[in-house]
Amino acid sequence: MTAPIEVPAAWYNVLADHDIELPRDRQSTIAAGAGPRPARLNVPKSLVRQSLPLQAEVAIPEPVRQAYQQWRPTPLRRAARLEKALGTRARIYIKDESGNVAGSHKYLTALAQAYYYAEAGVHTLITATAAGQWGTAVAAAARHFGLGCRIHMVPGSYDRKPSRRVLMELLGAEVIRSRERPDARPAALREAMSAAITEAAGTDGARWVLGGSEPFAILHSTVIGLEAKQQLAALGETADPVLVGYLGGGKNVGGLGLPFLAGRRGQEPDRLPRIVAVESAWYPVLTSGTFRFDDTDDTGLSPRTASYTLGRGYPGAAIQAEGMRYHAAPPLISALRQRGLVSSVAHQERSVFDSARLLLATEGLLASAEAAYAVHAACQLAREPTSEDRPIVFCLSDHGYHDQDAYRAYLVGGLVEPAPPATEIDCYLPATAGVTGEGGH
Amino acid sequence: MSTPQQTLEQVIEVLRREVGTSDRIGADTPLAEDGLGLTSLGLTRAFIALEDTFGTDLDDAVLIAADLVTVGDMAALVDRSRHGS
């Protein structure tokens, strides 16, 4: 049963509350092309302010909050049938973020970003999307605030998820199939991002919308955890929870988990709520990566950021969760991981889909290929000996109704081979450019 | 109210801190990779620092629309914004 609460009036800024300053980004090492370019702001200043450790609470602009109220607060649901099927006495809760036009938690920051870009006079948003949740969220947000929208979609998803394309096009966006890799490897999000960035740089009145990994995007998503805190309290849960989300851009795991760190600066990590970022065993960026400056795309137009990374050249594999096929972790999540405020775990694809199937059978919820990782991790945590001590909350960040292709692959044996052990995954980053003074490894 | 030269000096000071350099910075110094090497985010952070320095709010719409080549371009924009032109 859902406890009645209100949509928060402010986002939570962990950088300010815990006095964390992220390493300054550095200029790309990739040659961007012919000649010097004028310097230009890609992101409105108002958004960049939200990525700085200035205020612990950032007021949500009223037009954005009104948009949130169309579908929020979202339910926090006890997964009693799942618990019974697992044979556990742990208490598992599902924070269901799938009930909006985009079917995804990503709509939270898409709306906020579209608002600030519209206020800054931008008339077209250009972005890249892997599985399509982000593209749909941006298309819907652009439509809401009267902006144009162009979306570069990873080829695999463009071909396999026509329903996603239709939805984006119904919302007024133009969807472009991004280029294939010249080496015939499956094209990942990085290639689509490069195409979007390049187009935006050459289009007047348009801006590339960064997507999910910026600190302000995670800040916008803290509505998830702020609601969950109230809901857990209303349900009589007093112990610090274990908070679980898959790791893509960091919005769902950060959005759910970070508000639980509010007002607890200086406490030892083992005395804090446990925030678990779940990765694919093929992309264990937090679990096996190194903390270094790395290029985020191939254009040379984007800066290098400090993050846990497997290296820009890391080949990965064609896992079904397109939104997790990226070589680096978000800078904010990386900084929190380095400080012990976020932990990580990596899982193999088949077992993840097994758990997603169990969730569907018990709770009637179909998780996206990405959210399935959170489902599986929550199931595994529920099997731990001390699982009764604290409630387990996982974020059902997106529904899986556009992922029929992924589930079909699961059913017919079309998943990729199991990833090698994390210790055997090589880093494709040269042994340079460590983050000085940050204690990186 | 400060003069354009004073604004330029303040801008140079902010950029020097943002970039972390003791090299000469003048009105003709390019902002991007052939000069100070500022990233887009670095440029935005510099504008935020200038807002705090001058106690003023720089219009997002004006900043987003601007193509800035040199430090002088940036200082002129700040000066226009502060004087309402």
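What you are looking at is a predicted structure, and each value in this text was computed from that prediction instead of being measured. (Residues numbered from 1 in each chain as written. Chains lettered and ligands numbered in written order. Predicted model: local features only at pLDDT ≥ 70, side-chain atom pairs only at ≥ 80, totals over all residues. Heavy atoms only, no water.)

*Asks:* So, the overall build of chain A: which residues are in play, and what are the values?
*Replies:* The helix and strand inventory of chain A stands at 17 helices and 14 strands. When the accessible surface of chain A is split by element, carbon and sulfur atoms take 50% of a total near 16100 Å². (Helix = DSSP H or I, 4+ residues; strand = E, 2+ residues; numbered from the N terminus. Areas by Shrake-Rupley, 256 points an atom, 1.4 Å probe, with all protein chains shown as cover.)

*Asks:* Account for the overall build of chain B, with residues named and values stated.
*Replies:* A tally of helices and strands in chain B yields 4 helices and 0 strands. Secondary structure elements of chain B, listed N to C terminal, follow the sequence α-α-α-α. Taking 2.2 N^0.38 as the reference for a compact globule, 85 residues should give roughly 12 Å; the C-alpha atoms of chain B span a radius of gyration of 12 Å, in line with that estimate. Long-range contacts, defined here as pairs at least 24 residues apart, represent 67% of the contacts in chain B between residues at least 6 apart. When the accessible surface of chain B is split by element, carbon and sulfur atoms take 48% of a total near 3900 Å². Taken together, the 6 basic and 15 acidic charged side chains of chain B have centroids lying 5 Å from each other. (Rg over C-alpha atoms; globule rule 2.2 N^0.38 Å. Contact = heavy atoms within 4.5 Å. Lys, Arg positive; Asp, Glu negative; His and termini not counted. Charge placed at Lys NZ, Arg CZ, Asp CG, Glu CD.)

*Asks:* Please set out the interface of chain A and chain B residue by residue, giving values where relevant.
*Replies:* Contacts between the two partners involve 27 residues from chain A, matched on the other side by 26 residues from chain B. Interface of chain A and chain B: buried area, both sides summed, is about 2500 Å²; carbon and sulfur atoms make up 56% of it. On the surface where chain A and chain B come into contact, there are 6 salt bridges. In this structure, R49(A) engages D52(B) in a salt bridge whose closest nitrogen and oxygen atoms are separated by 3.2 Å. (Buried area = accessible area lost by both parts, 1.4 Å probe. Salt bridge = Lys/Arg side-chain N within 4 Å of Asp/Glu carboxyl O.)

*Asks:* For the nonpolar core, give the residues involved together with the corresponding values.
*Replies:* One finds W11(A), Y68(A), V244(A), F394(A), L31(B) and F47(B) to be the most contacted residues of the largest nonpolar core, which totals 176 residues. In terms of residue count, the dominant contributor to this core is helix 16 (residues 371-382) of chain A (10 residues). (Core = buried A, V, L, I, M, F, W, Y, C linked by side-chain atoms within 4.5 Å. Buried < 20%, exposed > 50% of the residue type's maximum accessible area, 1.4 Å probe, protein only.)

*Asks:* Lay out the environment of G250(A) with the relevant residues and their values.
*Replies:* Residue and element names in this part refer to chain A. Topologically, G250 is positioned in the loop between strand 9 (242-246) and helix 12 (251-257). Between the C-alpha atom of G250 and that of E214, which follows or precedes it by 36 residues, the distance is 8.6 Å. Apart from residues lying up to four places away in sequence, G250 is in contact with I218, G255, P330 and I333.

*Asks:* Give me empty space enclosed by the protein: which residues, what numbers.
*Replies:* Residues and elements named next belong to chain A. One pass over the structure, following the stated rule, counts 3 cavities of 30 Å³ or more. Put simply, the second largest cavity is a space of about 60 Å³. Lining of the second largest cavity is provided by L247, G248, E279, S280, Y283, V285, M324, Y326 and A328. (1 Å grid on protein atoms, 1.4 Å probe; cavity = no way out; pocket = protein on both sides within 12 Å on 5 of 7 lines; lining within 4 Å. Points joined across faces, edges and corners; volume = space filled by probe spheres on them.)

*Asks:* Explain the packing of aromatic side chains to me, using residue names and the numbers behind them.
*Replies:* Residues and elements named next belong to chain A. This structure, assessed with the given rule, holds 8 aromatic pairs over all chains. Here the aromatic rings of F353 and Y407 are separated by 5.1 Å at their centres, their planes lie at 70°, and the arrangement is edge-to-face. Of this pair, F353 sits in helix 15 (residues 349-363) while Y407 is found in helix 17 (residues 404-411), placing the two residues 54 residues apart along the sequence. Accessibility classification places F353 together with Y407 in one group, the buried group. (Phe/Tyr/Trp six-rings, centres within 6.5 Å; stacked < 30°, edge-to-face > 60°.)

*Asks:* So what about helix 5 (residues 107-119) of chain A? Which residues, and what values?
*Replies:* Residues and elements named next belong to chain A. Between the first and last C-alpha of helix 5 there are 18 Å, a value that for 13 residues agrees with the 18 Å anticipated at 1.5 Å per step. Across the 13 residues that make up helix 5, a large majority, 11, are buried. Along helix 5, the residues classified as buried are Y107, L108, T109, A110, L111, A112, Q113, A114, Y115, Y116 and Y117. (Expected span 1.5 Å × (residues − 1).)

*Asks:* How would you summarise the sheet that holds strand 3 (residues 76-78) of chain A if you had to cite specific residues and measurements?
*Replies:* Residues and elements named next belong to chain A. Judged by pairing direction, the sheet is mixed, and its 6 strands sit side by side in the order 3-4-14-9-10-13 without closing on themselves. This sheet does not close on itself; its edge strands, each paired only once, are strand 3 and strand 13 (343-347). Going across the sheet, the axis of each strand differs from the next one's by a mean of 25°, ignoring polarity. Sheet topology places strand 9 next to strand 14 (residues 392-396); 3 bridges connect them, and they run parallel. Note that in strand 14 the partner of V244 across the bridge is F394. Packing of helix 16 onto the sheet brings it into contact with strand 4 (92-96), strand 9, strand 10 (274-280), strand 13 and strand 14, and relative to strand 9 it is tilted by some 150°. (Pairing = 2+ DSSP bridges. Axes fitted to C-alpha atoms, helices over the stretch in contact; angles between N-to-C directions.)

*Asks:* I'd love a proper account of the pattern of salt bridges, names of residues and values included.
*Replies:* Enumeration according to the criterion identifies 26 salt bridges over all chains in this entry. Between K45(A) and D57(B) there is a salt bridge, with the nearest N and O atoms lying 3.6 Å from each other. One end of the pair, K45(A), is in helix 2 (residues 45-49); the other, D57(B), is in the loop between helix 2 (40-54) and helix 3 (60-65), on a second chain. D403(A) is paired through a salt bridge with K161(A); the nearest N and O atoms lie 2.8 Å apart. Of the two residues, D403(A) sits in the loop between strand 14 and helix 17 while K161(A) sits in the loop between helix 7 (155-160) and helix 8 (162-170), which places them 242 residues apart along the sequence. Overall, K161(A) belongs to the buried group, its relative accessible area being 1%. What you see here is one network of salt bridges that share partners, running through R160(A), K161(A), E322(A), R325(A), D403(A) and D405(A).

*Asks:* Could you give an account of the sheet that holds strand 6 (residues 148-153) of chain A, with specific residues and numbers?
*Replies:* Residues and elements named next belong to chain A. Spatial ordering of the open sheet is given by 7-6-5-8, a layout of 4 strands whose pairing is parallel. Unpaired on one side and paired on the other, strand 7 (174-177) and strand 8 (206-208) mark the two borders of the sheet. Averaged over neighbouring strand pairs, the angle between their axes works out to 20° when direction is ignored. Taken together, the 3 bridges between strand 5 (residues 124-129) and strand 8 define a ladder with parallel strand orientation.

*Asks:* Can you tell me about the environment of L38(B), naming the residues and giving the values?
*Replies:* Residue and element names in this part refer to chain B. For L38, the location among the structural elements is in the loop between helix 1 (4-19) and helix 2. For L38, a relative accessible area of 10% translates into the label buried. Taking the C-alpha atoms as reference points, L38 and L15, separated by 23 residues in sequence, lie 9.1 Å from one another. Sequence-distant contacts of L38, defined by excluding residues within four places in its chain, comprise L15, E18, V19, L31, A32 and L43.

*Asks:* Describe the packing of helix 15 of chain A against helix 16 of chain A, naming the residues involved and giving the relevant values.
*Replies:* Residue and element names in this part refer to chain A. Two numbers describe how helix 15 lies on helix 16: the axes approach to 8 Å, and their chain directions differ by 85°. Looking at the two axes, helix 15 sits roughly perpendicular to helix 16. On helix 16, the residues touching E349, S351, V352, S355, A356 and L359 of helix 15 are A372, Y373, V375, H376 and C379. (Parallel < 35°, antiparallel > 145°, perpendicular 65-115°, else oblique.)

*Asks:* Can you break down the packing of helix 5 of chain A against helix 6 (residues 133-144) of chain A residue by residue, with the values?
*Replies:* Residues and elements named next belong to chain A. At a minimum axis distance of 8 Å, the contact between helix 5 and helix 6 shows a crossing angle of 40°. In terms of orientation, helix 5 and helix 6 fall into the oblique class. The two elements helix 5 and helix 6 meet at a crossing, and its hand is right-handed. Judged by residue contacts, Y107, T109, A110, L111, Q113 and A114 of helix 5 engage W134, A137, V138, A140, A141, A142 and H144 from helix 6. (Left-handed = near helix turned anticlockwise from the far one by under 90°.)

*Asks:* Can you lay out the confidence of the model for chain A for me, pointing to particular residues and giving the numbers?
*Replies:* On average, residues of chain A score 89 in pLDDT, and 89% of them reach the 70 mark or higher. Segment residues 437-441 of chain A: pLDDT under 50, and 12 contacts once partners within four positions in sequence are set aside and those in other chains are kept. (pLDDT = per-residue confidence, 0-100.)

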